[in-house]
Amino acid sequence: MMLTKFFKKIMGIDKLEQQLIDTKTAIEEATKLADQKTDEIALAEQKTTVALEQEALIKLAPKDRATKLKEPWVGVLNTHINKDNIRNGFFELDWNDHFVLKLKQEGYGFDGDKDEEIVDRWFRELCANVVVDGDFGGAVNTGVIDINQVRKKNL
């Protein structure tokens, strides 16, 4: 054993062996660092993907956004009033398939019913509920605001 040590020392093998150990240690440390950086890059890519998806959702129209998220959506596109008789008019609605499905689940329609019929049932009930909840029995007196009095008080 002693002779082997002496021989290695004279021939410089002990230094080569130490260099080999140091090199292996350096490789292990570099591998750990590379793995850590790879994980960091993967996390950054994942965050970037999520951010890009959220940005794309924000740019979508409300109906498209809700549809992509598989959420029910309905909106009023326009309100039409009869010029000859202001008491008559209608709302132009738009909706997505998820909204119709939700209405079916709530009992407003069945498979085979047209989407327009299902939405119309819901909208008619909604309007009736607005009238009932508002205790609408005719013209509503909302009062009058005297703007001159308001101005005097705020001066």
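Below, the structure is looked at part by part. These numbers come from a predicted model, not from an experiment.

### With respect to the overall build of the protein chain
Link 1 in the chain: Within the protein chain, the regular secondary structure consists of 6 helices and 2 strands.
Link 2 in the chain: Beginning at the N terminus, the succession of helices and strands in the protein chain can be written as α-α-α-β-β-α-α-α.
Link 3 in the chain: Taking all 155 residues of the protein chain together, 10% fall into the buried category.
Link 4 in the chain: Just so you have it, the protein chain exposes about 13700 Å², and 57% of that area is on carbon and sulfur atoms.

### Some points on the packing of aromatic side chains
The description of an aromatic ring pair rests on the distance of the ring centres and on the angle between the ring planes.
Link 1 in the chain: Under the counting rule described, the total for this entry stands at 3 aromatic pairs.
Link 2 in the chain: Where phenylalanine 91 meets phenylalanine 123, the ring centres are 5.6 Å apart and the plane angle is 70°; that geometry is what we call edge-to-face. One end of the pair, phenylalanine 91, is in strand E2 (residues 89-95); the other, phenylalanine 123, is in helix H5 (residues 115-133), and 32 residues separate them in sequence.
Link 3 in the chain: Here a set of aromatic residues connected by ring pairs shows up, and it is made of Phe91, Phe99, Trp122 and Phe123.

### Quick look at the packing of helix H4 (residues 97-105) against H5
Link 1 in the chain: Contact pair H4 / H5: the axes reach a minimum separation of 10 Å and the direction vectors enclose 60°. Considering only the axes of H4 and H5, their crossing is left-handed. On the side of H4, the interface is formed by Asp97, Phe99, Val100, Leu103 and Lys104, while H5 contributes Asp115, Ile118, Val119 and Trp122.

The rules behind the values
- Residues numbered from 1 in each chain as written.
- Predicted model: local features only at pLDDT ≥ 70, side-chain atom pairs only at ≥ 80, totals over all residues.
- Heavy atoms only, no water.
- Helix = DSSP H or I, 4+ residues; strand = E, 2+ residues; numbered from the N terminus.
- Buried < 20%, exposed > 50% of the residue type's maximum accessible area, 1.4 Å probe, protein only.
- Areas by Shrake-Rupley, 256 points an atom, 1.4 Å probe, with all protein chains shown as cover.
- Phe/Tyr/Trp six-rings, centres within 6.5 Å; stacked < 30°, edge-to-face > 60°.
- Axes fitted to C-alpha atoms, helices over the stretch in contact; angles between N-to-C directions.
- Left-handed = near helix turned anticlockwise from the far one by under 90°.
- Contact = heavy atoms within 4.5 Å.

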